[in-house]
Amino acid sequence: MTADLTSLVSDARRLRDRHRAPEPLILPNAWDVASARGVERAGAAAVATTSSGVAEALGYPDGEAIPAAEMFAAVARISAAVSVPVTADLEAGYGLAADELVDRLLEAGAVGLNLEDTDHAGDPHHLLEVGAAAERIHAVRSAADDAGVPIVVNARIDSFLRGSGGPDAQLDDALRRGRAYLAAGADCIYPIWLTDAKAIERLVREVQAPINVLLRPGVPDIARLAALGVRRISVGGGLARHALAHAEELARQVLAGDGSAFLELGED
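This one's a predicted model, so the numbers in the text were calculated from it and none came from an experiment.

Break down the overall build of the protein for me, with residues and values.
Counting its regular elements, the protein contains 12 helices and eight strands. In terms of C-alpha radius of gyration, the protein reaches 19 Å, essentially the compact-globule figure of 18 Å for 268 residues. Considering only residue pairs separated by 6 or more positions, the protein has 65% of its internal contacts joining residues 24 or more positions apart. In the structure as shown, the protein presents an accessible area of about 12,400 Å², 53% of it carried by carbon and sulfur atoms.

Here it is, written out as structure tokens:
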């Protein structure tokens, strides 16, 4: 580990404490140094990365197609550029052993990670068996303990993304997974693609741990999520998609002969 241990421990504690604050931790996920600095200037208490945004910026599709070395290099650049704690979206861990995954996370200067339960090593359209996913989380927690840094493990549950059955069956699976992942050492549960307010409320009530909700169509607004007890709210690749869509629209405008946006911006 090359990063300063004292700083890493301090950042990890700051990130951990922020999950227990009165207001939810809101994370407009960044994908490069410029976006991370913008998120920090906007007032974010932490910077979270987006795997899809990082991958697209570097020319790869999402879904662990990016080489691990490139992902960690991107996280390291972001961590070095901001003063707030950084939590990294590391998909399912890129096939790395838990101790190597944690070592490389800390070397990159990050103190939290998303770890999803999609089976990228087998069938990426299916989930890992609950026990196997929980064992993975336990191994990551143990490796973090050995390293002396209380990293924040955000256990992503893909039941609503790839799970079988209807909404009730998916919710039951998410509850089962959430309890198992917390028992294994996760700090926060991330039921990605969950949108229903009643299901979110039930997860908050029955899991009794910080819940991360992704802002997407159909999700209650931020004020409502806070009222439901959600402790962490993120946008995934949404900020990157908005930025790229806006850049493309500006390019279309200037190519069509309308340069007003650039005259107003005051470019050097």
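Help me get a handle on the pattern of salt bridges, residues and values and all.
Opposite charge on two side chains lets them pair, provided their charged atoms get close. Scanning the entire structure with this criterion turns up 15 salt bridges. Among the ionic pairs, R177 bridges to D117, the shortest N-O distance being 3.3 Å. One end of the pair, R177, is in helix α8 (residues 167-184); the other, D117, is in the loop between β4 (112-116) and α6 (130-147), with 60 residues separating them in the sequence. Between D187 and R141 there is a salt bridge whose closest N-O contact spans 2.5 Å. With a gap of 46 residues between them, D187 in the loop between α8 and β6 (188-191) and R141 in helix α6 connect regions that are remote in the sequence. Residue D187 shares its accessibility class with R141, and that shared class is buried.

A description of the side chain of N212 should follow, citing residues and the corresponding values.
Take N212: it is sitting in strand β7 (residues 212-214). Taking relative accessible area as the criterion, N212 reaches 1% and is therefore assigned buried. Of note is the side chain of N212, whose polar atom sits 3.0 Å from the side chain of N154. For N212, the side chain forms a polar contact with the side chain of S234, separated by 3.1 Å. With near-sequence residues (within four places) excluded, N212 lies in contact with N154, C188, I189, Y190, P191, R232, I233 and S234.

Could you give me a rundown of helix α4 (residues 68-81), with the residues and numbers involved?
An α-helical turn contains 3.6 residues, so a residue and the one three or four places further along point in the same direction. Here α4 spans 20 Å end to end across 14 residues, near enough to the 20 Å set by a 1.5 Å rise per residue. All of the buried residues in α4 are A68, M71, F72, A74, V75, I78, S79 and A81. Looking at the buried positions of α4, the neighbouring elements they touch are α2 (33-41), β2 (47-48), α3 (51-57), β3 (86-89) and α5 (98-107).

Can you lay out the packing of aromatic side chains for me, pointing to particular residues and giving the numbers?
Inspection of the entire model under this criterion finds zero aromatic pairs. Positioned over the ring face of W193 is R216, at 4.2 Å from the centre of the ring.

Tell me about the sheet that holds β3, and please be specific about residues and values.
Strand order in this open sheet of five strands is β2-β3-β4-β5-β6, and the pairing throughout is parallel. With partners counted over all chains shown, the strands left at the sheet margins are β2 and β6, one partner each. In the sheet, β3 pairs with β4 via three bridges, with the strands oriented parallel. Looking at β4, one finds that T87 is bridged to G112.

Hey, could you go over the packing of α6 against α8 for me, with residue numbers and the actual values?
Closest axis-to-axis distance for the α6/α8 pair is 8 Å, and the angle between their directions is 30°. By the angle between their directions, the pair α6 and α8 is classed as roughly parallel. Seen from above, α6 lies across α8 with right-handed handedness. Counting all contacts with α6, which are made through V130, A133, A134, I137, H138 and R141, the residues of α8 involved are R176, R177, A180, Y181 and A184. Here the contact of α6 with α8 is built from residues that sort into seven nonpolar, one polar and three charged.

Explain the pairing of β4 to me, and be specific about the residues and the numbers.
The buried fraction of β4 amounts to five of the five residues, a majority that puts the element mostly inside the structure. Alternating residues of β4 divide into G112, N114 and E116 and L113 and L115, and every residue in both groups is buried. Where the polypeptide runs from β3 across α5 and back to β4, its parallel neighbour, the crossover connection is right-handed. Taken together, the five bridges between β4 and strand β5 (residues 152-157) define a ladder with parallel strand orientation. Its bridge partner being in β5, G112 is matched across the sheet by V152. After leaving β4, the chain enters α6 and then returns to the sheet as β5, a path that is right-handed.

Cut-off values and rules
Residues numbered from 1 in each chain as written. Predicted model: local features only at pLDDT ≥ 70, side-chain atom pairs only at ≥ 80, totals over all residues. Heavy atoms only, no water. Helix = DSSP H or I, 4+ residues; strand = E, 2+ residues; numbered from the N terminus. Rg over C-alpha atoms; globule rule 2.2 N^0.38 Å. Contact = heavy atoms within 4.5 Å. Areas by Shrake-Rupley, 256 points an atom, 1.4 Å probe, with all protein chains shown as cover. Salt bridge = Lys/Arg side-chain N within 4 Å of Asp/Glu carboxyl O. Buried < 20%, exposed > 50% of the residue type's maximum accessible area, 1.4 Å probe, protein only. Polar contact = N/O pair within 3.5 Å; in protein donor to acceptor, adjacent residues only side chain to side chain. Expected span 1.5 Å × (residues − 1). Phe/Tyr/Trp six-rings, centres within 6.5 Å; stacked < 30°, edge-to-face > 60°. Lys NZ or Arg CZ within 6 Å of the ring centre and 35° of its normal. Pairing = 2+ DSSP bridges. Axes fitted to C-alpha atoms, helices over the stretch in contact; angles between N-to-C directions. Parallel < 35°, antiparallel > 145°, perpendicular 65-115°, else oblique. Left-handed = near helix turned anticlockwise from the far one by under 90°. Nonpolar A, V, L, I, M, F, W, Y, C, P; charged D, E, K, R; others polar. Right-handed = clockwise from strand over helix to strand, strands pointing away.

Remember that the coordinates give geometry; whether it matters functionally is a separate question.
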